[in-house]
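Inside the fold
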Amino acid sequence: MWALTKSIKFLPVIALVLVIYNFFPPLSSADTYKQLDLFGEVFERVREEFVEEKKDSELIESAINGMLGSLDPHSKYLNPKNLQEMRVQTKGEFGGLGIEVTMESGFVKVIAPIDDTPAYRAGIKAGDFITHLDGEPILGKSLSEAVELMRGRINTKIKLTVQRVGVDDSFDVTIIRDKIKIDSVKVHIEGEDLVYVRVTAFSERTSEDLQNSLKEVFSENESILRGIILDLRNNPGGLLDQAIAVSDIFLAQGEIVTTRGRDAETIQRFNSRNGDIAEGLPMIVLINSGSASASEIVAGAIQDHRRGLILGTRSFGKGSVQTIIPLKESGAIRLTTARYFTPSGRSIQAKGIDPDIIVEQAKLEKLADARQRESDLPGSLEAIKDVNGKSKGSNGIKGKAIDSVNKEVDYQLMRAIDLLRGHNLLSLTDPVS
């Protein structure tokens, strides 16, 4: 309809500016209106003169994504399809390969493979860069476009070209897509006297599944249990309320996490309410650079309350909270609206959780681990001082870093088992002067 006469070619620009005006609060700065005029002019130029015809909706969506993407790596526009995919994923069931990914330097970067998924079984590792899909370059595509290509019908193949830190040449990995149903909690008895808990993600049922699994284990083995190992390695995070609920399972009382937005009145404090299900049983939490966001909330709360020791390597360092804000027309925006702080007031953003006891994994895993942190992501929020104005280190004891060459042995888990079965665990958790 805009092609009827030359005299009304400016109407789409007016409509776009009105949409922006209605979406945001009233603007007081004349300079801001000038910038909106500039945007409208660029939009019109692109719409009329770009070498290929583009839909107005595509241009506007790209503009919105450009604005949100310039804020930090985690803010983005979710069109109706993306929003539905996100809802499906947080329920713990979706189709695809089974990897948590982000975008870095134009390529897809693996945050962590999900346990017992096609990608995990194919040997995809945290820190891998995916450069091509079925021979087609990823460079130039958005993250959502790349993810859409990786998803597909069950039992269909896709070839990933992978560049791995420490490996000179890229290599191809062929994976058969499958239905990804995440059992985010796995619990078993390690040896005969330790409870091993693996949490792979924080989806809608994580805390409920963990509570039920632990109740069953304790009812059957309580008299012989000597400790708990909570494995949060390569857990990319998930829902904030689930991180709070999981922390609540192990903390008898006290604050779990505080979130602080731009305005002082947006502070929210979350406290333990239900008591410690393990009644103080000695505990060790395993983390590494793939432990992000919700994982760091749990590890930080347990560390600050001295409920257990944190063992492994420094975590990812994602200390920000994203809120899903529905839009009037369609879709939503995922916007970073707050930072979170541990009970002692530490900000984890771009710093991560430092373990009480540093234990490196094998050298090959250590190489892949080297750049796997929030501070490496382009545009990530800067680290800030803690709420008490100090830069706090970790609690507890710093152990000497252990390096190994045998990647088949889980040295971090072995060290946790040794500590829990040792006689000096209580002294390790005492305050250090």
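**Thoughts on the overall build of the protein**
Broken down by element type, the protein carries 12 helices and 19 strands. Pairs at least 24 apart in sequence give 71% of the contacts found in the protein among residues at least 6 apart. Just so you have it, the protein exposes about 22200 Å², and 52% of that area is on carbon and sulfur atoms.

**Re helix α7 (residues 206-221)**
Two residues of an α-helix separated by three or four positions point the same way, owing to the 3.6 residues in each turn. End to end, α7 covers 22 Å across 16 residues, agreeing with the expected 22 Å (1.5 Å per residue, within 8%). Residues Thr206, Ser207, Leu210, Leu214, Val217, Phe218 and Asn221 constitute the buried set of α7. Projection of α7 onto a plane perpendicular to its axis shows the buried side chains occupying an angular sector of 100 degrees, all on one side. When the buried face of α7 is taken as reference, the exposed residues oriented beyond 90 degrees from it are Ser219 and Glu220. Looking at the buried residues of α7, the elements they touch are β10 (185-190), β11 (194-199), β12 (227-231) and α8 (240-250).

**Brief notes about unusual backbone geometry**
Phi angles above zero are rare outside glycine, and Arg306 is one such case at about 55 degrees. If you trace the backbone, Arg306 turns up in the loop between α9 (294-304) and β16 (309-312).

**With respect to the environment of Gly152**
Within the fold, Gly152 resides in the loop between α6 (143-150) and β7 (157-163). When the C-alpha positions of Gly152 and Leu97 are compared, they lie 9.0 Å apart, and in sequence the two are 55 residues distant.

**Digging into the pairing of β16**
Residues Leu309 and Leu311 line one face of β16 and the alternating positions Ile310 and Gly312 line the opposite face, and both faces are buried. Pairing analysis gives four bridges linking strand β15 (residues 283-287) to β16, with the strands arranged parallel. Across the sheet, the residue bridging to Ile287 is Gly312, located in β16. In this sheet, strand β19 (residues 357-358) lies alongside β16 in parallel orientation, the contact comprising two bridges. Counterpart to Gly312 in the pairing with β19 is Ile358.

**As for the packing of α7 against α8**
Pairs of packed helices are described in terms of their axes, by the angle between the two and the distance that separates them. In contact at an axis separation of 8 Å, α7 and α8 are set at 20 degrees when each is read in the N-to-C sense. When the axes of α7 and α8 are compared, the pair comes out roughly parallel. The residues of α8 that touch α7, namely those facing Thr206, Ser207, Leu210, Gln211 and Leu214, are Gln242, Ala245, Val246, Ile249 and Phe250. Among the residues making up the contact of α7 with α8, the classes are represented as six nonpolar, four polar and no charged.

**With respect to the sheet that holds β10**
The strand order across the open sheet formed by six strands is β10-β11-β12-β15-β16-β19, and the pairing between neighbours is mixed. Only two strands of the sheet have a single neighbouring strand rather than two, namely β10 and β19. Against the sheet, α7 touches β10, β11 and β12, its axis set at about 20 degrees to β10. Lying on the sheet, helix α11 (residues 411-421) is in contact with β10, β11, β12, β15, β16 and β19; it crosses β15 at an angle near 170 degrees.

Procedures and definitions
- Residues numbered from 1 in each chain as written.
- Predicted model: local features only at pLDDT ≥ 70, side-chain atom pairs only at ≥ 80, totals over all residues.
- Heavy atoms only, no water.
- Helix = DSSP H or I, 4+ residues; strand = E, 2+ residues; numbered from the N terminus.
- Contact = heavy atoms within 4.5 Å.
- Areas by Shrake-Rupley, 256 points an atom, 1.4 Å probe, with all protein chains shown as cover.
- Expected span 1.5 Å × (residues − 1).
- Buried < 20%, exposed > 50% of the residue type's maximum accessible area, 1.4 Å probe, protein only.
- Arc of directions from axis to C-beta.
- Pairing = 2+ DSSP bridges.
- Axes fitted to C-alpha atoms, helices over the stretch in contact; angles between N-to-C directions.
- Parallel < 35°, antiparallel > 145°, perpendicular 65-115°, else oblique.
- Nonpolar A, V, L, I, M, F, W, Y, C, P; charged D, E, K, R; others polar.

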